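Observations on chain architecture
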Amino acid sequence: MYKKLIESSLKKAAKVDKVELEIPANPAYGDFSTNIGLKKGNPEEIKKNLTKDKSLSQIVSKIEIKEGFINFWLSKEALIDNLEKILKQKDNYGKDEIGKGKCVVIDYSSPNVAKRFSIGHLRSTVIGQAVYNLYTFLGFDTVGDNHLGDWGTQFGIILSAIEEKSFNPDSITLNELEELYVDYSKRAKENLALKEKAKDWFKRLEDKDKKARQIWEIVNKISLAEYQKIYDLLDIKIDYTYGESFYEDKMAKIISLAKAKKLAKKSRGALIIDLGKDLPPAMLIKSDGTTTYLTRDLAAIDFRLKKWNPSLIIYEVGSEQKLHFRQVFKAAELLGWAKKTSFVHIAHGLVLIGGKKMSTRKGTTIKLEDILEKAMDKAAELFEKAKVAKDIDSEEKKEIIKKVGIGAIKYFDLMHHPESDINFDWNSIFNLKGNSGPYLQYTYARTQSIINKSQIPNKKSLDLGAWKMQFNKEELSLLRILSQYQDVLVNAAKNYSPNILCSYLFNLAQKYNTFYSKHRILDISDKSSVMSQFRLAITVATGTVLKNGLLLLGIKAPEKM
Ligand code: ARG
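1. A word on the overall build of the chain
- Within the chain one finds 21 helices and 13 strands.
- Expressed as a percentage of the 561 residues in the chain, the buried residues total 53%.
- At a minimum sequence separation of 6, the contacts of the chain that also span at least 24 residues come to 74%.
- A distance of 3 Å separates the average location of the 91 positive side-chain charges in the chain from that of its 71 negative side-chain charges.

This is how it looks when you write it as structure tokens:
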């Protein structure tokens, strides 16, 4: 919030319409820094104008020019004001209105029916949910949509395989369905007749054949029930699940629109939209008359624009679909939909094991269920090793283990930039000394245990007024980082990078732990001394930011650990 204030002074002082302050990685360069002086002539003159600005002098104690950069230091008063603000606003600290009146649709999770929930879909779910939470906190109207893969030619395979084996669809499991699918597709590669049969089944489905519909419905039900178990465990709630099948009767309209705009053309029996020389054409209807994944994505855009009028649609989908989304976005632009709406693809990377891609053929895949189960075991192990508070009953213990296990997996995913591949490594996932979910949760629990011990009757009204404004190094660095929270949230949202929030929280936790190891927080002789109150206030504020930052990442912080 101080960032915005300084930016507006800076705009006037440098006579520019836009300026973006940075938070220097090295605190020796101040709390904020800008290179505007390098770009717009004279930094000395900008500094001179800045020192005349009264509103600035209350929050900034020092302005310095170094290597052409202008660096700003927040005043102690500003840092204390901010500390008080955290205590007052509590869970609302960091909230913003930048999204007011703007809608963002986030398309995430989106597993494919009749197949198990994959690790890739886990990434989409976890990252998508964190992005959703961030945008919501910043005041956007957010809509989450699970674009379930419940339509398309792959359904032909499922239906044909079920019929071939005369399986009773009512008693089939998701694992069996996936096996059927894998086995059939393998054989269909060499067997044209099987391929044709599958196509025929999908055609029957699209033609509303009764039997095809019946099996399709059962398969959907079984799959959704399995996914729901995973969502429950992961604590995920997605606003809507308009699967691909929802667009079945909405595609004809898209095709007429493409024709009316003279974009659609016939090509070797198919109907396509030319997307220019940089992209392969978008296939609207295949030569066998069936529709495509892409056509459904276009229908989904049309639907979303009408229903929610979003200024932004974000797709959290694996990087193997980069080309697909470039085609979708280009087609949307040609259809005239990109005037008031932007489109973004967060293309998450792969999950590697031992540095290598997982492969079903080589037997080096891991199942999601196994990962989650192992995560719980690891969390339980950690719990047994840690010095456990005696007053934890077994129900509570179970809850804590779940929060730590699931939190560890989510955090490990989120701490990486979404687009990078992540190497699955249990030791880092549960590293209590390093950048991990459990480390942050542990630090939060530490703040809570100190607060409980403090016995200061009314912690809400800690008296900071009496504080003498002399901070030691550790206090100062905590106050500085606490003041950056909102800027970090905005930055993470703007860049679709929850990892920015992760680094921040890790940094905060490390700073707090250093502070804790170097200084006594509660005065033994007088727990309500001014010093204790001040340090306790820092502890309360750190706990608040840690807990809420983790919550935005979709991670719960237990009070005890
Ligand atoms: N079901 C698709 C898959 O697993 C992902 C769908 C992503 N969303 C979209 N609008 N295409 O590959």
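2. A word on the pairing of strand β5 (residues 141-145)
- Here β5 lies mainly inside the structure; four of its five residues are buried.
- With five bridges joining them, strand β4 (residues 103-107) and β5 adopt parallel strand pairing. From the neighbouring strand, Val 104 faces β5, where its bridge partner is Thr 142.

3. Section: the sheet that holds strand β6 (residues 264-267)
- The strand order across the open sheet built from three strands is β6-β7-β8, with neighbouring strands paired in antiparallel fashion. Single-partner strands in this sheet number two, and they are β6 and β8 (282-285). When strand polarity is set aside, the average angle formed by the axes of neighbouring strands in this sheet is 40°.
- By the bridge criterion, three bridges tie strand β7 (residues 270-273) to β8 in an arrangement that is antiparallel. Opposite Leu 271, over in β8, you have Ile 285 as the bridge partner.

4. Here's the deal with the pattern of salt bridges
- Tallied over the full model, the rule gives 32 salt bridges.
- Residues Lys 547 and Asp 91 are paired through a salt bridge, measuring 3.7 Å at the closest nitrogen-oxygen approach. Placement of Lys 547 in helix α21 (residues 530-552) and of Asp 91 in the loop between α5 (76-89) and β4 is noted, with a sequence separation of 456 residues between them.
- For Lys 547, a relative accessible area of 23% puts it in the partly exposed group.
- Classification of Asp 91 as partly exposed rests on a relative accessible area of 41%.
- The structure contains a network of salt bridges with shared partners spanning Glu 164, Lys 165, Asp 183 and Arg 187.

5. Examining helix α1 (residues 2-14)
- Between the first and last C-alpha of α1 there are 18 Å, a value that for 13 residues agrees with the 18 Å anticipated at 1.5 Å per step.
- For α1, the full list of buried residues reads Tyr 2, Lys 3, Ile 6, Glu 7, Ser 9, Leu 10, Ala 13 and Ala 14. Looking straight down α1, one finds its buried side chains confined to an arc of 165°; they lie on one side.
- Trailing α1 by a residue or two, Lys 15 shows a phi angle of about 55°, which is positive.

6. Considerations on the sheet that holds strand β13 (residues 422-424)
- Taken together, three strands build an open sheet; the order of strands is β12-β11-β13 and the sheet is mixed. This sheet does not close on itself; its edge strands, each paired only once, are β12 (356-357) and β13.

7. Topic: the pairing of strand β3 (residues 69-74)
- Within β3, five of the six residues are buried, leaving the element largely enclosed by the surrounding structure.
- In this sheet, β3 lies alongside strand β1 (residues 32-34) in antiparallel orientation, the contact comprising three bridges. In the sheet register, Phe 32 faces β3, and the bridge partner there is Phe 72.
- The hairpin turn running from strand β2 (residues 60-66) into β3, its antiparallel successor, is two residues long, and Glu 67 in that turn takes a positive phi close to 50°.

8. Some words on the site of the ligand
- By nearness alone, every residue bordering the ligand is listed as Asp 107, Ser 110, Asn 112, His 121, His 147, Tyr 293, Asp 297, Tyr 315, Val 317, Gln 321 and Phe 325.
- The separation between a nitrogen atom of the ligand and a polar side-chain atom of Asp 107 is 2.8 Å.
- When the ligand sits alone it has 350 Å² of accessible area, and the protein chains cover 91% of it.
- Elements that contribute at least two residues to the shell around the ligand include exactly α12 (293-308) and β9 (312-318).
- Across the shell around the ligand, the residue classes tally to four nonpolar, five polar and two charged.

9. Considerations on a negative patch on the surface
- Together, Glu 369, Asp 370, Glu 373, Asp 377 and Glu 381 line one region of the surface with negative charge.
- Inspection of the secondary structure puts Asp 377 in helix α14 (residues 368-385).
- Judged by relative accessible area, which is 49%, Asp 377 ranks as partly exposed.

10. Considering unusual backbone geometry
- With a phi close to 50°, Glu 67 is a non-glycine residue in the positive phi region.
- Inspection of the secondary structure assignment puts Glu 67 in the loop between β2 and β3.
- Positive phi, normally seen in glycine, also occurs at Asn 309, with a value near 50°.
- Within the fold, Asn 309 resides in the loop between α12 and β9.

11. Side note on the nonpolar core
- In terms of nonpolar packing, the biggest core is built from 150 residues, with Phe 72 and Leu 501 touching the most fellow members.
- With residues up to four places along the chain from it excluded, the contact list for Leu 501 reads Leu 134, Tyr 485, Val 488, Leu 489, Ala 492, Gly 549, Leu 552 and Leu 553.
- With 36 residues, the next largest nonpolar core counts Ile 301, Val 328, Ala 331 and Leu 335 among its residues.

12. Overview of the packing of aromatic side chains
- All chains considered together, the criterion is met by 29 aromatic pairs.
- Geometrically, the ring pair formed by Phe 155 and Trp 216 is edge-to-face, given 6.5 Å between the ring centres and 65° between the ring planes. Highlighted residues: Phe 155 in helix α7 (residues 153-164) and Trp 216 in helix α10 (residues 210-234), separated in sequence by 61 residues.
- In this structure Trp 216 comes out as buried when scored by relative accessible area, which is 10%.

Cut-offs applied
- Residues numbered from 1 in each chain as written.
- Predicted model: local features only at pLDDT ≥ 70, side-chain atom pairs only at ≥ 80, totals over all residues.
- Heavy atoms only, no water.
- Helix = DSSP H or I, 4+ residues; strand = E, 2+ residues; numbered from the N terminus.
- Buried < 20%, exposed > 50% of the residue type's maximum accessible area, 1.4 Å probe, protein only.
- Contact = heavy atoms within 4.5 Å.
- Lys, Arg positive; Asp, Glu negative; His and termini not counted.
- Charge placed at Lys NZ, Arg CZ, Asp CG, Glu CD.
- Pairing = 2+ DSSP bridges.
- Axes fitted to C-alpha atoms, helices over the stretch in contact; angles between N-to-C directions.
- Salt bridge = Lys/Arg side-chain N within 4 Å of Asp/Glu carboxyl O.
- Expected span 1.5 Å × (residues − 1).
- Arc of directions from axis to C-beta.
- Near = heavy atom within 4 Å.
- Polar contact = N/O pair within 3.5 Å; in protein donor to acceptor, adjacent residues only side chain to side chain.
- Areas by Shrake-Rupley, 256 points an atom, 1.4 Å probe, with all protein chains shown as cover.
- Nonpolar A, V, L, I, M, F, W, Y, C, P; charged D, E, K, R; others polar.
- Patch = residues over 30% accessible without salt bridge, like charges linked within 9 Å, V, L, I, M, F, W, Y side chains within 5 Å.
- Core = buried A, V, L, I, M, F, W, Y, C linked by side-chain atoms within 4.5 Å.
- Phe/Tyr/Trp six-rings, centres within 6.5 Å; stacked < 30°, edge-to-face > 60°.

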